[in-house]
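Read off the chains here:
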Amino acid sequence: MALEFSERIRRIPSYPVASGYDLGTEMAMLASNESCFAPLPVVVEAATTVIAGANRYPDPGYSALRKALSDRYGIAKDRIALGNGSCDILLSAGEALLEPGAEVLYSWPAFSEYPHLAAASGARAVEVQLDAEERHDLDAMAAEITVATRLILICNPNNPTSTAVGLDAVGAFLERVPRHVCVVLDEAYCEFSLALGDPYTSVELLRSFPNLVLLRTFSKVYGLAALRVGYALCGSPEFPVAVNLVRQPFYLNAAAQAAAVEALGHQDEVERRVVSTVAARSALVEALDRLQVWVAASDANFVWVRLPADGPEEPEVVEGLRERGVLVRAGRSLGRDGALRVTVGTEAENEKFAAALGELLG
Ligand SMILES: Cc1ncc(COP(=O)(O)O)c(C=O)c1O
């Protein structure tokens, strides 16, 4: 007999996870916007050391990580939310804020997890198309705010299109949002953005907007994707309290907490990675320019490529790249046909990708 599930299970879309993790180390893994830099040995050591005490539950107050983030960003500890990846905080925000009759507003295409929030809660998803340059159209978003709007998501830089909107524009948008509406500025890739500048800059916005939440992660520039650590810097303590109510108490394991604290202490390494990634991104964009494909203006550790209309179709290109040892993400699975999302990898991986794409496009 088939199991009987809740109504919402039929609504929730499956997250488009990347395949290919079982294909071996020869593949260029350019499909998931991870870091090509492994964690520093001291970070690995910090994580492995605490495993010896794994008979105890992790610190439920997450005090060391909370303090490290509070010291770094000058934000009171009770205005910091932590999570098992920033996705955990995002999904908890949906659960805490949304319900039937409420609306969640975001641009599309954006992070694949956003549609989950409405589907899981029964709220209405209001999706606003990106502009012709694949950037957020904040005016168009502001025009969609209604009395039912509870949550607004701005992905900046935007996954999958890599574009960023300046913080002046974000500030002007926030002025137009009623103060009871929560705005999550999803900054998973902010460290890689030249347009946004120093990742401290958006933190300043929290002073003026108590309804703002800056969502960030250790999965990208810090290279800890497998350990799952995300955090949110919030304009008021209300948000952390609410997301903690809808989750299990031990959402962040001890090894992940220790690794994140250690990684945070090595900002010189973060800077080195950013400089290296931005240089590799420029080289990748130049290689794509030579192939005469359109590339969005990237402010992230990935690029967004529109395939030429008169060339092979997207599934053929994705498969052709895979056969040549390169995994990228098909635009179709991310909300846009005829495009590719390609993570900036090592120099060798980027060159392998550009050569393979050149072959396929003839
Ligand atoms: C825009 C954006 N937000 C959030 C996340 C979630 O990251 P994590 O749960 O690994 O912190 C991702 C992951 O790719 C992302 O692209």
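Everything numeric here is computed off the predicted structure, so don't read it as measured data.

Sorry, what's going on with the sheet that holds strand 3 (residues 103-108) here?
Sheet strands line up and pair through hydrogen bonds in the backbone, either parallel or antiparallel. Taken in spatial order, the 7 strands line up as 2-8-7-6-5-3-4 in an open sheet, and their pairing is mixed. Two strands lie at the open edges of the sheet, namely strand 2 (80-83) and strand 4 (124-129), each paired on one side alone. Mean inter-strand twist for the sheet, computed between neighbouring axes without regard to direction, equals 20°. Judged from the 5 bridges that link them, strand 7 (residues 212-217) and strand 8 (residues 230-234) form a sheet pairing that is antiparallel. Counted as the bridge partner of Leu 214 is Leu 233 from strand 8. Lying over the sheet, helix 3 (residues 63-73) contacts strand 2, strand 7 and strand 8, oriented at roughly 135° with respect to strand 2.

When you look at the pattern of salt bridges in this model, what are you seeing that I'm missing?
Pairs can form between side chains of opposite charge whenever their charged atoms are close. Evaluated as defined, the whole model comprises 17 salt bridges. With a closest N to O distance of 3.3 Å, Glu 7 and Arg 10 form a salt bridge. Of the two residues, Glu 7 and Arg 10 both sit in helix 1 (residues 7-11), 3 residues apart, roughly one turn of that helix. Arg 10 gets classed as exposed once you look at its relative accessible area, which sits at 63%. Two residues, Arg 135 and Asp 131, come together in a salt bridge whose shortest N-O distance is 3.1 Å. Among the charged side chains, a network of salt bridges with common partners joins Glu 7, Arg 10 and Arg 11.

How should empty space enclosed by the protein be read in this particular structure?
A water-sized probe, rolled over the atoms, reveals where empty space remains. With the rule as written, the count across this model stands at 2 cavities of 30 Å³ or more. For the largest cavity, the calculated volume is near 60 Å³. Along its surface, the largest cavity is lined by Leu 40, Val 43, Val 221, Tyr 222, Ala 263, His 266, Glu 269, Val 270 and Arg 273. What the second largest cavity holds in volume is close to 30 Å³.

When you look at the packing of aromatic side chains in this model, what are you seeing that I'm missing?
Between two aromatic rings, the relevant description is the distance of the centres plus the angle of the planes. As enumerated under the stated definition, the model contains 10 aromatic pairs in all. Their ring planes at 25° and their centres at 4.7 Å tell us that Tyr 62 and Tyr 251 sit as a pair that is stacked. Note that Tyr 62 is positioned in the loop between helix 2 (41-51) and helix 3 and Tyr 251 in the loop between helix 9 (238-245) and helix 10 (254-264), a separation of 189 residues in sequence. As far as burial versus exposure is concerned, Tyr 62 and Tyr 251 are alike and both buried. We note Arg 247 situated over the ring of Tyr 251; from NZ or CZ to the ring centre the distance is 3.6 Å. The residue whose ring lies beneath Arg 306 is Trp 294, and the NZ or CZ to ring-centre distance is 3.8 Å.

It is not clear to me how the site of the ligand should be interpreted in this structure. Could you clarify?
Lining the immediate environment of the ligand, one finds 13 residues, of which Ser 86, Asn 159, Tyr 189, Thr 217 and Ser 219 sit closest. The side chain of Thr 217 places a nitrogen or oxygen atom 2.5 Å from an oxygen atom of the ligand. Between an oxygen atom of the ligand and a side-chain N or O atom of Ser 219, the distance comes to 2.6 Å. Burial of the ligand by the surrounding chains reaches 93%, relative to a free accessible area of 400 Å². More than half of the atoms of the ligand fall within 2 Å of the grid points belonging to the largest pocket. Among the residues forming the shell around the ligand, the class breakdown is 5 nonpolar, 5 polar and 3 charged.

Quick question: what am I supposed to make of the sheet that holds strand 9 (residues 294-295) here?
Taken together, 4 strands build an open sheet; the order of strands is 9-10-13-12 and the sheet is antiparallel. On the outer flanks of this sheet lie strand 9 and strand 12 (329-330), each paired with one strand and no other. In this structure, strand 10 (residues 302-306) lies alongside strand 13 (residues 339-343), joined through 5 bridges in antiparallel fashion. If you follow Phe 302 over to strand 13, its bridge partner there is Thr 343. Taken strand by strand, helix 11 (residues 267-290) contacts strand 9 and strand 10, and its axis lies near 10° from that of strand 10. Its contacts with the sheet put helix 12 (residues 314-323) on strand 12 and strand 13, and the angle it makes with strand 13 is roughly 30°.

Can you help me understand unusual backbone geometry in this one?
Residue Trp 108 is joined to Pro 109 through a cis peptide bond whose omega torsion reads 0°. Along the chain, Pro 109 turns up in the loop between strand 3 and helix 5 (114-121). Located in the positive-phi region is Arg 228, a residue other than glycine, with phi close to 65°. On the secondary structure map, Arg 228 appears in the loop between strand 7 and strand 8. Residue Gln 292 is not a glycine yet carries a positive backbone phi of 60°. Positionally, Gln 292 belongs in the loop between helix 11 and strand 9.

I keep staring at the nonpolar core and nothing clicks. Help me out?
A general trend in soluble globular proteins is that nonpolar side chains are found buried together. Judged by nonpolar contacts, the single largest core of 59 residues is most densely connected at Leu 69, Leu 82, Ile 152, Phe 173, Leu 212, Phe 218 and Leu 233. Among all residues touching Leu 82, those that are not within four sequence positions of it are Tyr 62, Leu 65, Arg 66, Leu 69, Ile 89, Gly 230, Tyr 231, Arg 247, Tyr 251 and Leu 252. With 26 residues, the next largest nonpolar core counts Leu 90, Trp 108, Phe 111 and Cys 155 among its residues.

Definitions and cut-offs
- Residues numbered from 1 in each chain as written.
- Predicted model: local features only at pLDDT ≥ 70, side-chain atom pairs only at ≥ 80, totals over all residues.
- Heavy atoms only, no water.
- Pairing = 2+ DSSP bridges.
- Helix = DSSP H or I, 4+ residues; strand = E, 2+ residues; numbered from the N terminus.
- Axes fitted to C-alpha atoms, helices over the stretch in contact; angles between N-to-C directions.
- Contact = heavy atoms within 4.5 Å.
- Salt bridge = Lys/Arg side-chain N within 4 Å of Asp/Glu carboxyl O.
- Buried < 20%, exposed > 50% of the residue type's maximum accessible area, 1.4 Å probe, protein only.
- 1 Å grid on protein atoms, 1.4 Å probe; cavity = no way out; pocket = protein on both sides within 12 Å on 5 of 7 lines; lining within 4 Å.
- Points joined across faces, edges and corners; volume = space filled by probe spheres on them.
- Phe/Tyr/Trp six-rings, centres within 6.5 Å; stacked < 30°, edge-to-face > 60°.
- Lys NZ or Arg CZ within 6 Å of the ring centre and 35° of its normal.
- Near = heavy atom within 4 Å.
- Polar contact = N/O pair within 3.5 Å; in protein donor to acceptor, adjacent residues only side chain to side chain.
- Areas by Shrake-Rupley, 256 points an atom, 1.4 Å probe, with all protein chains shown as cover.
- Sits in = over half its atoms within 2 Å of the grid points.
- Nonpolar A, V, L, I, M, F, W, Y, C, P; charged D, E, K, R; others polar.
- Core = buried A, V, L, I, M, F, W, Y, C linked by side-chain atoms within 4.5 Å.

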